[in-house]
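# Overview (structure and organization)
In case you want the letters, here they are:
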Amino acid sequence: MVVTPNVGTAEKLAQAPRRVTILGSTGSVGTQTVDLVARDPDRFVVEALTANRNVALLAEQARQLKPKLAVVADPACYTELKDALAGTGVEAAAGPEAVAEAAARPSDWVMAAIVGAAGLEPTLAAVRRGACVAFANKEVLVCAGALMMEEVRAHGATLLPVDSEHSAIYQVFDFQRVDSVLRLILTASGGPFRTKDRAFMAAATREQAVKHPTWDMGAKISIDSATMMNKGLEIIEAHFLFGIPEPKIDVLVHPQSVVHSLVEYVDGSVLAQLGTPDMRTPIAYALGWPARIPTPAERLDLVKAATLTFEAPDPERFPALRLARAALQSGGGAPTILSAANEVAVQAFLDRRIGFLDIEKIVEGTLEALPHRPLRDLGEVRDTDAEARRMAADRVSAVGH
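Description of the structure in this document.

Conventions and cut-offs
- Residues numbered from 1 in each chain as written.
- Predicted model: local features only at pLDDT ≥ 70, side-chain atom pairs only at ≥ 80, totals over all residues.
- Heavy atoms only, no water.
- Helix = DSSP H or I, 4+ residues; strand = E, 2+ residues; numbered from the N terminus.
- Rg over C-alpha atoms; globule rule 2.2 N^0.38 Å.
- Buried < 20%, exposed > 50% of the residue type's maximum accessible area, 1.4 Å probe, protein only.
- Contact = heavy atoms within 4.5 Å.
- Areas by Shrake-Rupley, 256 points an atom, 1.4 Å probe, with all protein chains shown as cover.
- Salt bridge = Lys/Arg side-chain N within 4 Å of Asp/Glu carboxyl O.
- Phe/Tyr/Trp six-rings, centres within 6.5 Å; stacked < 30°, edge-to-face > 60°.
- Lys NZ or Arg CZ within 6 Å of the ring centre and 35° of its normal.
- Pairing = 2+ DSSP bridges.
- Axes fitted to C-alpha atoms, helices over the stretch in contact; angles between N-to-C directions.
- Core = buried A, V, L, I, M, F, W, Y, C linked by side-chain atoms within 4.5 Å.
- Patch = residues over 30% accessible without salt bridge, like charges linked within 9 Å, V, L, I, M, F, W, Y side chains within 5 Å.

### What about the overall build of the chain?
Across its full length, the chain holds 18 helices and 11 strands. Compactness check: the chain gives a C-alpha radius of gyration of 20 Å against a globular reference of 21 Å for 401 residues, within 12% of the reference. With respect to the principal axes defined by its C-alpha atoms, the chain has extents near 55 × 55 × 45 Å. Sorting the 401 residues of the chain into buried and exposed places 56% on the buried side. For the chain, long-range pairs separated by at least 24 residues make up 69% of all intrachain contacts whose partners lie at least 6 apart in sequence. For the chain, the accessible area works out to roughly 16,600 Å², and carbon and sulfur atoms hold 51% of it.

Below, the structure is given as structure tokens:
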């Protein structure tokens, strides 16, 4: 069942200034969110910023935005952060628990931009206080989609997707008449290997794989784009976010990255959201919701764009799509296993420990080796995630040898 946007939250957010918290402020999405917030200090007041271990950038952001709290997830970095913030009036804290506590502080709007399963707990903390949560972490819904949406409903929270594809769907989706939606169409750039064969991909380097043709993203997401696992994860995310069954969620390769996704209705109408490939646009949509705010993103010039092309994804060269659909169909812990194994395998590739095509093999092998038990609570999600990571790590070691 789809969760409709919270009208009360929209009315509250219409009041300025808006108090915001940015989880993962030093990452790709986080830094762009900081940029947008800094451009309009009268509209936004910052409650808290968090980072993994980039103390230098976190401290710089804190001095600029003057939040009440700055948190670094790595406890070993606490002293460095405290010293860097001396005399600023910004409180320093460290550790995963402190990150979750930052999410639980009384801000109106939370950007959940912590990459991977590490973002689950702080995102949940924000949801449980009924906040408006902009999430750029698709793994949260992949790992615990049904449970997370239950929490959203129970606490009256609002989820605003920041992925360009889900943001596009959100903007043209009829939440009041979901039965009129025939299908969702997620667009994909095709990544850096769209036209490459399996032999080329087998020898692909880290540098080749992270060089995305249209988007500027972090390393992990760039690799997911190269394998097309990002699109597989987005199918799972869209299923939970919009309540649409997996067979009605399609993927279309669109190399120009101008059409960000589409919704087809039963009457034959197809609505799409278009824009230049700049993450500040979907971030700004979530940051300003229910209003719209200016961004420095380049304006879309359709005359200049001239030609927009579309093609079906190749399931033989990019089996990650098949793996993700199979995991969603299996249900239970299968999507959690998929996400965890993929995180481990991608990091191993980034560390040059395995080859590019080993990523999909490790994910598929882990999915086949572990049972897809129903997940009744977040404790079981964590246990399944940890078990999948151990299994995937063993497979990485076997490949490395």
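### What about the pattern of salt bridges?
This model, assessed by the stated rule, comprises 28 salt bridges. Its salt-bridge partner being Glu-380, residue Arg-376 comes within 2.5 Å of it at the nearest N-O pair. On the accessibility criterion, Glu-380 (18% relative accessible area) is buried. One connected set of salt bridges, linked through shared partners, spans Lys-138, Asp-163, Glu-165, Lys-231 and Glu-234.

### Some thoughts on helix α15 (residues 320-330)
Listing the buried residues of α15 in full gives Ala-320, Leu-321, Leu-323, Ala-324, Arg-325, Ala-327 and Leu-328. Elements in contact with the buried residues of α15: α11 (219-227), α12 (229-242), β9 (249-253), α16 (334-350) and α17 (358-369). Of the residues flanking the end of α15, it is Gly-331, one or two places downstream, whose phi is positive at about 70°.

### Some thoughts on the environment of Lys-196
Position of Lys-196 relative to the elements: it lies in the loop between β8 (181-188) and α9 (198-202). Between the alpha carbons of Lys-196 and Phe-242 there is a distance of 33 Å; along the sequence they are 46 residues apart. Residues within four places of Lys-196 in sequence aside, it is in contact with Met-201 and Arg-317.

### Brief notes about the packing of aromatic side chains
Applying the stated rule across the entire model yields eight aromatic pairs. Relative to Phe-356, the ring of Phe-193 lies with its centre 5.0 Å away and its plane at 85°, an arrangement referred to as edge-to-face. A residue pair is termed long-range when its members are at least 10 positions apart, and Phe-193 in the loop between β8 and α9 and Phe-356 in the loop between α16 and α17 qualify at 163 residues. In this arrangement the basic side chain of Lys-196 is found over the ring face of Phe-200, its NZ or CZ atom lying 4.9 Å from the centre.

### Thoughts on the sheet that holds strand β2 (residues 44-51)
On the basis of which strands lie adjacent, the open sheet formed by seven strands has the order β4-β3-β2-β1-β5-β6-β7 and parallel pairing. Because the sheet does not close on itself, it has two edges, and the strands there are β4 (91-94) and β7 (158-161). Adjacent strand axes in the sheet meet at a mean angle of 20°, parallel and antiparallel pairs treated alike. Bridge analysis of β2 against strand β3 (residues 69-72) gives four bridges, and the strand direction is parallel. Bridge pairing in β3 places Ala-48 opposite Leu-69. With respect to the sheet, helix α5 (residues 96-104) is in contact with β1 (18-23), β2, β3, β4 and β5 (109-112), its orientation differing from that of β3 by roughly 145°.

### Some details on the sheet that holds strand β11 (residues 270-274)
The sheet built from four strands is open, its strands ordered β9-β8-β10-β11 with mixed pairing. Sheet topology places β9 and β11 at the edges, where each strand pairs with a single neighbour. Each neighbouring strand pair of the sheet contributes to a mean axis angle of 20°, computed without reference to strand direction. Both strand β10 (residues 259-265) and β11 contribute to a ladder of five bridges, which runs antiparallel.

### Remarks on helix α6 (residues 120-127)
Judged by how many residues are buried, α6 sits mostly within the fold: six of eight residues are covered. Turning to α6, its buried residues number three or more, namely Leu-120, Pro-122, Thr-123, Leu-124, Ala-126 and Val-127.

### Description of unusual backbone geometry
Of note, the bond from Trp-289 into Pro-290 is cis; its omega dihedral lies within 30 degrees of zero at 10°. Tracing the sequence through the fold places Pro-290 in the loop between α13 (280-288) and α14 (302-305). At Lys-66, a position not held by glycine, the phi torsion is positive, near 55°. Checked against the element boundaries, Lys-66 lands in the loop between α3 (55-65) and β3. Phi is positive for Met-228, close to 70°, though the residue is something other than glycine. Checked against the element boundaries, Met-228 lands in the loop between α11 and α12.

### Description of the environment of Ala-100
Within the element layout of this structure, Ala-100 appears in helix α5. In this structure the C-alpha to C-alpha distance between Ala-100 and Thr-50, which are 50 residues apart in sequence, comes to 9.6 Å.

### Digging into the nonpolar core
The tendency in soluble globular proteins is for nonpolar side chains to be buried as a group. The biggest cluster of nonpolar side chains holds 134 residues, and the ones touching the most others in it are Met-111, Leu-184, Phe-242, Leu-338 and Phe-356. Of all the elements, α16 adds the most residues to this core, at 11 residues. Discounting residues that sit within four places of it in the chain, Phe-356 has contacts with Phe-193, Met-201, Ala-204, Ala-209, Ala-226, Thr-227 and Phe-349.

### Some thoughts on a nonpolar patch on the surface
A cluster of nonpolar side chains, contributed by Leu-274, Leu-300 and Leu-302, occupies part of the molecular surface with about 230 Å² of accessible area. You can see Leu-300 is positioned in the loop between α13 and α14.

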